[in-house]
Amino acid sequence: MSSFTNAGGPIARRGLMLVLSSPSGAGKTTISRLLLESEPNLSMSISVTTRPPRPAEIDGKDYFFVSEAHYHAMVADRALLEHARVFDNYYGTPKSHVENELGRGRDVLFDIDWQGTQQLAANARQDLVSIFVLPPSLTELARRLRERAQDSEDVVKKRMGRAADEMSHWPEYDYAIINHDVQESLARVKAILTAERLRRHRQTGLVEFVNGMRGEQ
Ligand code: 5GP
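None of the values given here were measured: they were computed from a predicted structure. (Residues numbered from 1 in each chain as written. Predicted model: local features only at pLDDT ≥ 70, side-chain atom pairs only at ≥ 80, totals over all residues. Heavy atoms only, no water.)

Draft legend 1. Main features of the overall build of the protein. Each helix and strand in the protein was counted, giving 8 helices and 9 strands. For the protein, the spread of C-alpha atoms along the principal axes amounts to about 70 × 40 × 30 Å. Looking at the protein as a whole, 45% of its 217 residues qualify as buried. Within the protein, counting contacts between residues at least 6 apart in sequence, those at least 24 apart form 71% of the total. In the form shown here, the protein has an accessible surface area of approximately 11,700 Å², with 53% of it arising from carbon and sulfur atoms. Charged side chains of the protein number 28 positive and 29 negative; the gap between the two group centres comes to 2 Å. (Helix = DSSP H or I, 4+ residues; strand = E, 2+ residues; numbered from the N terminus. Buried < 20%, exposed > 50% of the residue type's maximum accessible area, 1.4 Å probe, protein only. Contact = heavy atoms within 4.5 Å. Areas by Shrake-Rupley, 256 points an atom, 1.4 Å probe, with all protein chains shown as cover. Lys, Arg positive; Asp, Glu negative; His and termini not counted. Charge placed at Lys NZ, Arg CZ, Asp CG, Glu CD.)

Draft legend 2. Region of the structure containing the pairing of strand β8 (residues 128-134). When you tally the buried positions in β8, you get 7 out of 7 residues, the bulk of the element. Residues Leu128, Ser130, Phe132 and Leu134 of β8 are buried on one face, and the alternating residues Val129, Ile131 and Val133, pointing to the opposite face, are buried as well. When strand β1 (residues 17-21) meets β8, the two strands line up parallel, connected through 5 bridges. Within β8, the position partnered with Leu18 by the bridge is Val129. Both β8 and strand β9 (residues 175-178) contribute to a ladder of 4 bridges, which runs parallel. Within β9, the residue paired with Ile131 across the bridge is Tyr175. (Pairing = 2+ DSSP bridges.)

Draft legend 3. A look at the site of the ligand. If you check the shell around the ligand, you find 17 residues, and the closest are Ser47, Arg51, Tyr63, Tyr91 and Asp111. Side-chain polar atom of Asp111 to an oxygen atom of the ligand: 2.7 Å apart, as the coordinates give it. Look at the ligand: alone it shows 510 Å² of surface, and the protein chains cover 95% of it. Of the residues belonging to the shell around the ligand, the class tally is 6 nonpolar, 4 polar and 7 charged. (Near = heavy atom within 4 Å. Polar contact = N/O pair within 3.5 Å; in protein donor to acceptor, adjacent residues only side chain to side chain. Nonpolar A, V, L, I, M, F, W, Y, C, P; charged D, E, K, R; others polar.)

Draft legend 4. A look at the sheet that holds strand β2 (residues 42-44). Across the sheet, 5 strands lie side by side as β2-β7-β1-β8-β9; this open sheet has parallel pairing. Strand pairing shows two members of the sheet lacking a second neighbour, β2 and β9, which therefore form its edges. Taking each pair of neighbouring strands and ignoring which way they run, the sheet shows an average axis angle of 25°. Where helix α4 (residues 114-124) meets the sheet, its contacts fall on β1, β7 (107-111) and β8, and the angle it forms with β1 comes to roughly 155°. The sheet contacts of helix α7 (residues 182-197) involve β1, β7, β8 and β9, and relative to β9 the element is tilted by about 165°. (Axes fitted to C-alpha atoms, helices over the stretch in contact; angles between N-to-C directions.)

Draft legend 5. Molecular detail of the sheet that holds strand β6 (residues 89-94). Taken in spatial order, the 4 strands make up an open sheet running β4-β3-β6-β5, and their pairing is mixed. Pairing within the sheet leaves two strands with one partner each, and these edge strands are β4 (64-65) and β5 (80-86). With 6 bridges joining them, β5 and β6 adopt antiparallel strand pairing. If you follow His83 over to β6, its bridge partner there is Gly92. In the packing of helix α2 (residues 68-76) onto the sheet, the strands contacted are β3 (48-49), β5 and β6, and the crossing angle to β5 comes to about 135°.

Here is the structure:
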């Protein structure tokens, strides 16, 4: 009689941290939204920020909007997995959600910049999968930023100025995608996710699975 219990069931695995970075306007927010809709095992890491909310943004959904004092208290309490100043505001990733999800074998999606990605790489390289999303051209990037029109023209100009800087960090990422078409980019991110979930070191239940097969003989 076999003591093998894994037949047909999923192999236990550790969750991964999927980071999508890009200059503002390259399309990563749309890719993230579509990815979350189609991947039940993936949840968004909601960052804290000291930036004021844009008109359509909801506290607790897009960000946790906090005061500078609250942010600095979180940094001091080591409640953030990574944190950085981006443009003129502070951003950071609350630790608790991410740690709970990874331990339960669920994956977490991050929309963070290159500074945060470097910190995750330094502290949790094994759990990290990073993708840089590039716009098809700078002209297209400017068009998308204006079309979004949630920011003032001043902010748009400032962000365009920083886009080249941000883009210079693409070689630090595991993968790079040029976002010509959202559906095509989505398919590519899903392919990466599928392959990365199968990495041997993430499939913590494999030992039990293989030992179970040995027990069957
Ligand atoms: P926005 O203000 O347009 O929402 O975001 C500006 C930049 O901050 C984006 O590049 C975004 O990826 C980055 N960002 C958002 N949340 C975090 C975070 O928690 N940590 C870091 N390092 N960057 C973040």
